[in-house]
Amino acid sequence: MPGFFITFEGGEGSGKTTQINKLAESLNAAGYKVVTTREPGGTPESEKIRQLLVQRDGGNWSPMAEALMFFAARLMLYQKIIKPALDEGKIVICDRFTDSTRAYQGYGHDLGFDVIDELKHIALGDAEPNLTFILDIDPKSGIERAQERLSSQKINAERREDRFEKLDLSFHQRLREGFLQIAKREPQRCVIVDAAQTIEHMAQSILQTALKRLEERLEERKG
């Protein structure tokens, strides 16, 4: 089985982590070799950059500075974790990838998709996921979910990963539109999932889509 790269995208509180864990568990049970990772992070270098980007006291970065740091973290993750696993024929499931930078900095912070795509070409060439699930949720509901999750964590306020959650609602509305625009640009790769559904309903829908795409990929290789 050739390597297969799956990413999960979406606004704050969309439930990506839960769905990634469920999909990985189901695919492992089906006999696939699965690697899960996250952005920014996944390597020691990328985790250090994560602290700067997502923690409340990480810094007041400009949109372009944010984009450059995300790509620095992404490059290390791709070189050290994602590409080696794909070369070994494994399935890699990643919590966020380039689409997040397109949506957050490109659309939400108005840098534009073209700028992000140029940075991506410099850093990663033509590397893109085979399949992307975009978990779509009303921004207000998503922020409420995220705040409930963060408030339950016993972490000092300064270290909470809520730098983006604290941005105003208009940013998160632009963010949602950015993800929908990405799905419109690449309908073959991107699948929109209604994140207002129950966890189990979402998980079954995601699993069925992933298995279908994996079977299609295998048939393509045989052909």
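Before reading on, note that the structure itself is shown above.
The structure displayed is predicted, hence computed values, not measured ones.

Colleague: Please provide a residue-by-residue account of the side chain of Asp 99, values included.
Modeller: With respect to the helices and strands, the residue Asp 99 is situated in helix H4 (residues 98-108). In contact with Asp 99, other than residues within four places in its own chain, are Glu 9, Thr 132, Phe 179, Ile 182 and Arg 189.

Colleague: Please give an account of the environment of Cys 94 that cites residues and values.
Modeller: If you trace the backbone, Cys 94 turns up in strand E3 (residues 91-95). Spatially, the C-alpha atoms of Cys 94 and Glu 9 are 9.0 Å apart, while their sequence positions differ by 85 residues. Look past the residues within four positions of Cys 94 in its chain and what remains in contact with it is Phe 5, Ile 6, Thr 7, Phe 8, Ile 20, Thr 37, Arg 38, Glu 39, Leu 77 and Ile 82.

Colleague: An account of the sheet that holds strand E5 (residues 190-194) is requested, with residue identities and associated values reported.
Modeller: Sheet architecture is open: five strands sit in the order E2-E3-E1-E4-E5, paired in parallel fashion. Sheet topology places strand E2 (34-38) and E5 at the edges, where each strand pairs with a single neighbour. Looking at each pair of strands side by side, their axes are set apart by 20° on average, direction ignored. Strands strand E1 (4-10), E3, strand E4 (131-136) and E5 of the sheet are contacted by helix H8 (residues 199-222), whose axis makes an angle of about 165° with E4.

Colleague: Hey, could you go over helix H1 (residues 16-29) for me, with residue numbers and the actual values?
Modeller: In a regular helix each residue adds 1.5 Å, so 14 residues correspond to 20 Å; H1 covers 20 Å between its end C-alpha atoms and thus fits that length. All of the buried residues in H1 are Lys 16, Gln 19, Ile 20, Leu 23, Ala 24 and Leu 27. Down the axis of H1, the smallest arc covering the buried residues is 130°, so these residues share one side. Projecting away from the buried face of H1 at angles above 90 degrees are the exposed residues Glu 25 and Ala 29.

Colleague: Quick one: what's the story with the nonpolar core, residue by residue and with numbers?
Modeller: In this structure, Ile 6, Phe 8, Leu 23, Leu 27, Ile 91, Ile 93 and Phe 133 are the most contacted members of the largest nonpolar core, which totals 22 residues. Contributions of two or more residues to this core are made by E1, H1, E3, E4, E5 and H8. Discounting residues that sit within four places of it in the chain, Leu 23 has contacts with Ile 6, Phe 8, Ile 93, Phe 133, Ile 206, Leu 207 and Ala 210. The next biggest cluster of nonpolar side chains, apart from the first, holds 17 residues, and it includes Ile 49, Leu 53, Ala 103 and Phe 113.

Reading the values: rules and limits
Residues numbered from 1 in each chain as written. Predicted model: local features only at pLDDT ≥ 70, side-chain atom pairs only at ≥ 80, totals over all residues. Heavy atoms only, no water. Helix = DSSP H or I, 4+ residues; strand = E, 2+ residues; numbered from the N terminus. Contact = heavy atoms within 4.5 Å. Pairing = 2+ DSSP bridges. Axes fitted to C-alpha atoms, helices over the stretch in contact; angles between N-to-C directions. Expected span 1.5 Å × (residues − 1). Buried < 20%, exposed > 50% of the residue type's maximum accessible area, 1.4 Å probe, protein only. Arc of directions from axis to C-beta. Core = buried A, V, L, I, M, F, W, Y, C linked by side-chain atoms within 4.5 Å.

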